[in-house]
Amino acid sequence: MIKIAPSILSADFSKLGEDIKEVELAGADYIHVDVMDGHFVPNITIGPLVVEAIRPITTLPLDVHLMIENPDTYIPHFAKAGADIISVHVEACRHLHRTIHLIKDQGVKAGVVLNPATPVEVIETIIEDIDLVLLMTVNPGFGGQRFIDSVLTKIEKVSALVRSRGLSVEIEVDGGVNKVTAKKCIEAGANVLVAGSAIYNEVDRSLAIKNIRG
Ligand SMILES: O=C(CO)[C@@H](O)[C@H](O)COP(=O)(O)O
Ligand SMILES: [Co+2]
């Protein structure tokens, strides 16, 4: 089953609650929350206060994508605020195994994110410990960027790894996902598709989600 995770980075922040409710009613499976700190990526977005504010708005899982330095400091705050999945970048974690278990200790699902230039091999030793692998299909920091095709090979590799170990780890892709690139990601083995501009820039969000799901 293909899941769609609209990224609220492309929503209208002056009516964030309405924009979240709208994609929930339009068939979204997760709400993707992009957290940026101005250090790991050159942009600043939202913190645990906003996660706490949107928690009562939706019953969908909040899929929190941390693009921050020192994630260990903030993981308990995002968990307490109501995150259901917390994903950390391997590039930001000095002790990745410890960070993954810190997330799980909060009773939250743990995801690991790889930038486009990071090879898949880095997750071979921890794939058994996680619930989700998030492959960035753009360089993180901004919505509305162009999909990087070379990541498709990485999706195939992660998919083969998950199958060969008999795991049920979700494979999520994020960045430049639209109805054309979504098809390629699904064929390569992804099952969770994050989309910001391809959903929030469309008037008919229900149709946009349907088109991406394929
Ligand atoms: O994490 C990120 C960007 O760093 C994403 O979640 C974007 O917000 C996706 O936006 P689109 O590329 O779909 O417009
Ligand atoms: Co994201």
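These numbers were taken from a predicted model, which means no experiment stands behind them. Here the residue numbers are simple positions, counted from 1 along each chain's written sequence. Here every chain gets a letter starting at A, and every ligand a number starting at 1, in the order they are written. Reporting in this predicted model follows two pLDDT cut-offs: at least 70 for local features of residues, and 80 or more for side-chain atom pairs to be given and counted; totals over whole chains, interfaces and linings ignore these cut-offs and use all residues. The side-chain values count all of the structure's non-hydrogen atoms but skip hydrogen atoms and water molecules.

(A) Inspection of the overall build of the chain at higher detail. Scanning the chain from N- to C-terminus turns up 8 helices and 8 strands. Radius of gyration: over C-alpha atoms. The globule rule applied is 2.2 Å multiplied by the number of residues raised to the 0.38 power. For a compact globule of 214 residues, the expected C-alpha radius of gyration is about 17 Å, and the chain comes in at 16 Å, within 12% of that figure. Here the C-alpha coordinates of the chain stretch approximately 45 × 35 × 30 Å along the principal axes. Once local pairs closer than 6 in sequence are excluded, the contacts in the chain between residues at least 24 apart make up 65%. Where accessible areas are quoted, they stem from the Shrake-Rupley method and a 1.4 Å probe; at the residue level, only the protein chains shown are allowed to cover. About 9500 Å² of surface is accessible on the chain, with carbon and sulfur atoms providing 52% of the total. A run of H or I in DSSP counts as a helix once it spans at least four residues, and a run of E counts as a strand once it spans at least two, with each numbered from the N terminus. By the convention used here, residues are in contact when the closest approach between their heavy atoms is within 4.5 Å.

(B) View of the nonpolar core. What we call a nonpolar core is a set of buried Ala, Val, Leu, Ile, Met, Phe, Trp, Tyr and Cys residues that are connected through their side-chain atoms within 4.5 Å. When accessible area is computed with a 1.4 Å probe and restricted to protein chains, residues below 20% of their type maximum are described as buried, those above 50% as exposed, and intermediate ones as partly exposed. Core analysis: the biggest nonpolar cluster contains 66 residues, and Ile8, Ile123, Ile155 and Leu193 have the highest contact counts within it. With 6 residues, the single largest contributor to this core is helix H5 (residues 151-164). Ranked by size, the runner-up nonpolar core spans 10 residues in total, among them Leu134, Val138, Val192 and Val194.

(C) Highlighting unusual backbone geometry. Here asparagine 70, not a glycine, exhibits a phi torsion of approximately 45 degrees, which is positive. On the secondary structure map, asparagine 70 appears in the loop between strand S3 (62-67) and helix H3 (71-81). Of the residues examined, asparagine 70 reaches a relative accessible area of 54% and is grouped as exposed.

(D) Quick look at the coordination of the cobalt ion (ligand 2). Listed as protein donors to the cobalt ion (ligand 2) are His32 (NE2), Asp34 (OD), His65 (ND1) and Asp174 (OD); their distances from the metal cover 2.0 to 2.3 Å. Each metal site lists N, O and S donors within 2.8 Å (3.2 Å for Na, K and Ca). With water left out of the atoms, a site can look as if it is missing ligands. Irregular is the label for any site that misses the other tests, which are tetrahedral for four donors with all angles between 85 and 135 degrees, and square planar for four donors or octahedral for six when opposite donors exceed 155 degrees and the remaining angles lie between 65 and 115. Geometry at the cobalt ion (ligand 2) is octahedral, judged from its 6 donor atoms and the angles of 72 to 172 degrees they form at the metal. Mapping the donors of the cobalt ion (ligand 2) onto the primary sequence gives the spacing H-x1-D-x30-H-x108-D. Note that histidine 65 is positioned in strand S3 and aspartate 174 in strand S7 (residues 170-174), a separation of 109 residues in sequence. The pair histidine 65 / aspartate 174 is uniform in exposure class, with both members buried.

(E) Just the sheet that holds strand S2 (residues 31-36), in detail. Strand order across the open sheet formed by 8 strands is S1-S8-S7-S6-S5-S4-S3-S2, with parallel pairing between neighbours. Only two strands of the sheet have a single partner each, and these edge strands are strand S1 (3-6) and S2. Averaged over all neighbouring strand pairs, the angle between strand axes comes to 25 degrees, with direction disregarded. Where helices are involved, their axes are fitted lines through C-alpha atoms of the stretch in contact, as for all axes, and angles between N-to-C directions lie from 0 to 180°. Across the sheet, H3 is in contact with S2, S3 and strand S4 (85-89); its angle to S4 comes to roughly 165 degrees. With respect to the sheet, helix H8 (residues 205-213) is in contact with S1 and strand S8 (192-195), its orientation differing from that of S1 by roughly 135 degrees. Strand pairing requires that DSSP identify at least two bridges connecting the strands.

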